[in-house]
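Okay, here's what each chain looks like letter by letter:
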Amino acid sequence: MQDLGKVDEIVKSYKETKTPLIYILKDVQKEFGCLSDKILTRVAKTTKIPLSEIYGVATFYSLFTTVKKGKYIIRCCNNAPCHVKGSKEVLDRIKEYLGLEMNETTPDNLFTLEFTSCLGLCAVAPVMMINDEVYGNLTPEKAVAILKDYKMKGQANA
Ligand code: FES
């Protein structure tokens, strides 16, 4: 059960700020992991900003998400240089290992799978990022070995 009172606390902390909505949404997302309908409705109620305006901001900026993502966000590059070096095979193996399609999250909330545009690391293609870490020269086997490490780490810290 989410404690939506936290939303009110965050809103209150920005009462002296001139245009607080982005700051509020950023903090609320950090607290709850996403900006769900229920959370945005509470933000609207507390700030007295129209819900339509809040939705507009929450869906415009890529830093906001309305769906909960996993603890580890895997971003696979599939631009031409990575593609030529086998990113599709790597991605297919990741999907198979995690049982995911693109933009899905594992039921244990550990992994979300997304595409990324070129990371500027084409020299070590194919490339993926997991949160802030970059992994290059991937093979399907290497990618799965990396994910196994994250899985162990994630389950140990659960
Ligand atoms: S195309 Fe993948 S890192 Fe540049």
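Residues numbered from 1 in each chain as written. Predicted model: local features only at pLDDT ≥ 70, side-chain atom pairs only at ≥ 80, totals over all residues.

Asks: I'd like a rundown of the packing of helix α1 (residues 5-13) against helix α2 (residues 21-32), residues and numbers included.
Replies: Running from amino to carboxyl end, α1 crosses α2 at an angle of 145°, the nearest separation of the two axes being 10 Å. The two elements α1 and α2 cross, and the hand of that crossing is right-handed. For the pair α1 and α2, the contacting residues are K6, V7, I10 and V11 in the first and I24, D27, V28 and E31 in the second. (Axes fitted to C-alpha atoms, helices over the stretch in contact; angles between N-to-C directions. Helix = DSSP H or I, 4+ residues; strand = E, 2+ residues; numbered from the N terminus. Left-handed = near helix turned anticlockwise from the far one by under 90°. Contact = placed C-beta atoms within 7 Å.)

Asks: Quick one: what's the story with the domain arrangement of the protein, residue by residue and with numbers?
Replies: Here the protein is partitioned into domain 1 (5-60) and domain 2 (72-156). On a C-alpha basis, the centroid separation for the pair domain 1 and domain 2 is 32 Å. (Domains from an automatic or database assignment.)

Asks: Any details on α2? Residues and values, ideally.
Replies: In this model, α2 (12 residues) spans 16 Å end to end at C-alpha, consistent with the 16 Å of a helix rising 1.5 Å per residue. If you check which residues of α2 are buried, you get I24, L25 and V28. Projected down its long axis, α2 carries its buried residues within an arc of 95°, all on one side. Close packing links the buried residues of α2 with α1, α3 (37-47) and α4 (51-60). Just downstream of α2 lies G33, where phi reads positive at about 90°. (Expected span 1.5 Å × (residues − 1). Buried ≥ 20, exposed ≤ 12 C-beta atoms within 10 Å, placed from the backbone. Arc of directions from axis to C-beta.)

Asks: Give a description of the nonpolar core that names residues and reports values.
Replies: As a rule of thumb, soluble globular proteins bury nonpolar side chains together. Membership of the largest hydrophobic core comes to 17 residues, with the highest contact counts inside it found for I74, C76, I94, V127, M128 and A143. Counting only elements with at least two residues in this core, the list comes to β1 (72-77), α6 (87-98), β2 (111-116) and α7 (140-156). If we ignore the near neighbours within four places in the chain, the residues touching I74 are I94, F111, T112, L113, E114, M128 and I130. In this structure, L25, L35, V43 and A58 belong to the second largest nonpolar core, which totals 12 residues. (Core = buried A, V, L, I, M, F, W, Y, C linked by C-beta atoms within 7 Å.)

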